[in-house]
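Listed below are the residues making up each chain.
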Amino acid sequence: MPLTSEQWYRRDPKSVGEIEADLRTGYPNLHLYLTDGADAEVRGTFPVRSSAGRELDAYQIAIRLPPNFPRTLPEVRETRGRIPWHADYHVNADGTCCVLLPEDRGRCFPEGAPFKRYLDGPLHNFFLGQSLVALGERWPFGEWGHGKEGVCQFYRDLFKTDDPGTIVRFLEVLTKRNAKPQWQCPCGSGKKIRKCCESKITEFRRLVPPAIARKSAEQLGLRSAPVASQAREE
């Protein structure tokens, strides 16, 4: 499905009501703004809460919802200058917050999930982490590296390997819409997928759709021979 300049709320008007309902029930100080000729934006005060629901802190934020949302992740900015624009604080040089590693969205905020899942999960964790770090605490949820480093870390953890060749082969399988069970397994065992890592690959595909896998492979500059041509009969 190609990207389009048509705004998501014109393609799917029902989603506007769903997002507004999510905001009313859980985030009454955030509001959705739709302006002709501009991207949709959620703006206002975002609360950081304890596990018991008590408000611990609050941030002024703006969440841009791009034209092809939810295929493309929201773009978040903290608007009062509390957080430095620096990689150590998980903020890019242009002021956008590194809320979620795109490769990890299948676990945290899969496409089609309610917007509230994004607010309650990765966005809340991001600002809770900022508040704790400001108090001298460690980042509470673990940290991915930035750029290529973070992508490498993600796939090393996902595939349980430090071998670049194995990462290349798994990523190549994930770029395909349908992995053939007769292909050679990317783990390097020499077996066919159906006799080796078929169930693992099914789970990987649930977490990392083909478009994300292709983008990751390009970002990492990975190249290998086509998996299908490596398949062999046993």
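This text follows the structure it describes.
Residues numbered from 1 in each chain as written. Predicted model: local features only at pLDDT ≥ 70, side-chain atom pairs only at ≥ 80, totals over all residues. Heavy atoms only, no water.

Undergrad: Any chance you could explain the overall build of the protein chain here in plain terms?
TA: Looking only at helices and strands, one finds nine helices and four strands in the protein chain. What you see in the protein chain, going N to C, is helices and strands ordered as α-α-β-β-β-β-α-α-α-α-α-α-α. Out of the 234 residues in the protein chain, the part that is buried amounts to 41%. Considering only contacts within the protein chain whose residues lie at least 6 apart along the sequence, 50% involve residues at least 24 apart. (Helix = DSSP H or I, 4+ residues; strand = E, 2+ residues; numbered from the N terminus. Buried < 20%, exposed > 50% of the residue type's maximum accessible area, 1.4 Å probe, protein only. Contact = heavy atoms within 4.5 Å.)

Undergrad: Sorry if this is basic, but what is going on with helix α2 (residues 14–26) here?
TA: Every α-helical turn comprises 3.6 residues, leaving residues that sit three or four positions apart pointing alike. Between the first and last C-alpha of α2 there are 19 Å, a value that for 13 residues agrees with the 18 Å anticipated at 1.5 Å per step. If you check which residues of α2 are buried, you get S15, V16, I19, D22, L23 and G26. Buried residues of α2 fall within an arc of 130 degrees about the axis and therefore sit on the same side. Among the exposed residues of α2, those oriented more than 90 degrees off its buried face are K14, R24 and T25. Elements in contact with the buried residues of α2: α1 (8–11), β1 (30–33), β2 (40–49), β3 (55–65) and α4 (115–134). (Expected span 1.5 Å × (residues − 1). Arc of directions from axis to C-beta.)

Undergrad: I keep staring at the environment of H31 and nothing clicks. Help me out?
TA: Of note, H31 is situated in strand β1. Given a relative accessible area of 40%, H31 falls into the partly exposed group. Along the sequence, H31 and A62 sit 31 residues apart, while their C-alpha atoms lie 9.7 Å from each other. Excluding its chain neighbours within four sequence positions, the residues that come into contact with H31 are L23, E41, V42 and R43.

Undergrad: Would you mind showing me how to read the nonpolar core here?
TA: Side chains of nonpolar character tend, in soluble globular proteins, to be buried together. Residues L23, I63, L65, F115, L119, L123 and F127 are the most contacted members of the largest nonpolar core, which totals 35 residues. For this core, the secondary-structure elements that each account for two or more residues are α1, α2, β1, β2, β3 and α4. With seven residues, the top contributor of residues to this core is α4. In contact with I63, not counting residues within four places along its chain, are A40, E41, V42, P74, E75, V76, F115, L119 and L123. (Core = buried A, V, L, I, M, F, W, Y, C linked by side-chain atoms within 4.5 Å.)

Undergrad: In this structure, what is going on with helix α5 (residues 148–159)? I would like to understand it.
TA: In this model α5 runs 16 Å from its N-terminal to its C-terminal C-alpha over twelve residues, within 8% of the 16 Å that 1.5 Å per residue would give. Where α5 is concerned, the buried positions are G150, V151, Q153, F154, Y155, L158 and F159. Check the buried side of α5 and you find it contacts α6 (164–175), α7 (198–207) and α8 (210–220). K160 sits one or two residues past α5 and shows a positive phi near 55 degrees.

Undergrad: How do you make sense of the layout of surface pockets when you look at a structure like this?
TA: Where empty space is left becomes clear once a probe the size of a water molecule has been rolled over the atoms. Reported here for the second largest pocket is a volume of approximately 270 Å³. Residue lining of the second largest pocket: 14 residues in total, with D12, S15, E18, F69 and P70 positioned closest to the centre. Elements with a minimum of two residues in the lining of the second largest pocket: α1 and α2. A total of four residues in the lining of the second largest pocket trace back to one element, the largest contributor, which is α2. (1 Å grid on protein atoms, 1.4 Å probe; cavity = no way out; pocket = protein on both sides within 12 Å on 5 of 7 lines; lining within 4 Å. Points joined across faces, edges and corners; volume = space filled by probe spheres on them.)

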